[in-house]
Amino acid sequence: MTVSLTAPPAPVGAGLFVARPTGQHLLGLEGLSASTLLELLTDAAREREWLRRSQPSRDDLAGCNVLLTFIEDSTRTRTSFELAAKRLGASVTTFSAGHSSMNKGESLLDTLRLFEAMHGDVIVIRHAASGTPHYLARLMGTAIVNAGDGMHEHPTQGLLDLLTLSDAWGGEFAGRRIAILGDIAHSRVARSAIFGLTTLGVRVTVAGPATLLPNEVEQLGVDVAPTVEDAMRGADAVMGLRLQRERMERGLLPSLNEYASEWGITEKRVALMKPDAPVLHPGPVNRGIELAPEVADGPRSRILPQVENGVAVRCAVLKRCWRARCARNGRVVEGA
Ligand code: NCD
């Protein structure tokens, strides 16, 4: 049985971090219209076709200085932003906080203002504090792209998840239902996915230990199921989430073994979904905890297609931000 919490899909955190779409920035999926989302997905699908052909790099972002600023660990997001920016002809600089004057007490804002003074255009930022990109977008003249802010949003991950689901569902979102499982409370991936999916008419059922569901879960416009089985039965897709132990207070989980047996995505549970319903996970995966290895490597897994889609989505996002920035500054962009 699924318990429906019937609150309307109101934006959570409204007034706190919501920045309306989007101008030169991409701060979150909350508040983006269905047509903006679909435009980005259509462009990303086009970029993916181009990337698959291994053509020489293009010059859509010629003249654009991109700074990659990851003040939190990253593998997929950082490398795919770098690849996307370089394949489209941007100049890319990677900022490493660990070897910078931030160690001498310089603030993040003062540090990033240096990049602005060096004629930087786009800052791609990941930070452990929710709201950092929104703060920077208010105070700086550069375009800001959120690559994951604390427990808040991870918009390009949300877009690549939408693209992956669009492929599995033949481009039809309305009337579908997805189960999102596990550590919803600490997951910026879940929040961006929920904002994007509900905007496109997808029903979302979440399930996880009560300690790992956010207090305001009913305001996210999702259903809450009491068990994994309830959430997955008849679903059109499932998304597993990594246990974000770095963001947890102690005592939120009984034990990893108990978590795996009660909430893990196993082959038996996957069989409860509709035939061919895909399994998504943003990575990195804790194998054997939130996802059984045979599911991670199995025929329904879309983990690697998600990674491929990440590069295409980031191409589409960077182009959009650059175009908006050029329009704002009265600069002509060739081929835009
Ligand atoms: C996620 C993140 O960092 O938010 N990873 C990613 O970007 N693919 C999820 C995670 O770390 O669990």
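The structure we're discussing is the one just above.
Keep in mind it's a predicted model, so treat the numbers as computed, not measured.

(A) Spatial organisation of the packing of helix 5 (residues 155–168) against helix 11 (residues 303–328). Between helix 5 and helix 11, whose axes approach to 8 Å, the crossing angle comes to 120°. As the angle between them shows, helix 5 and helix 11 are arranged oblique. The hand of the helix 5/helix 11 crossing is right-handed. Contacts between helix 5 and helix 11 involve Thr-156, Gln-157, Leu-159, Leu-160, Asp-161, Leu-163, Thr-164 and Asp-167 on the former and, on the latter, Pro-305, Gln-306, Asn-309, Gly-310, Val-313, Arg-314 and Val-317. Looking at the contact of helix 5 with helix 11 residue by residue, the class counts come to 6 nonpolar, 6 polar and 3 charged.

(B) Structural detail: empty space enclosed by the protein. Tallying each qualifying case throughout the model produces 3 cavities of 30 Å³ or more. Approximately 80 Å³ is the volume found for the largest cavity. What lines the largest cavity is Arg-76, Thr-77, Ser-80, Gln-157, Leu-160, His-281, Pro-282, Ile-303, Gln-306, Val-307, Gly-310 and Arg-314. With 5 residues, the single largest contributor to the lining of the largest cavity is helix 11. Residue composition of the lining of the largest cavity, grouped by class: 4 nonpolar, 6 polar and 2 charged.

What counts, and where the lines are drawn
Residues numbered from 1 in each chain as written. Predicted model: local features only at pLDDT ≥ 70, side-chain atom pairs only at ≥ 80, totals over all residues. Heavy atoms only, no water. Axes fitted to C-alpha atoms, helices over the stretch in contact; angles between N-to-C directions. Helix = DSSP H or I, 4+ residues; strand = E, 2+ residues; numbered from the N terminus. Parallel < 35°, antiparallel > 145°, perpendicular 65-115°, else oblique. Left-handed = near helix turned anticlockwise from the far one by under 90°. Contact = heavy atoms within 4.5 Å. Nonpolar A, V, L, I, M, F, W, Y, C, P; charged D, E, K, R; others polar. 1 Å grid on protein atoms, 1.4 Å probe; cavity = no way out; pocket = protein on both sides within 12 Å on 5 of 7 lines; lining within 4 Å. Points joined across faces, edges and corners; volume = space filled by probe spheres on them.

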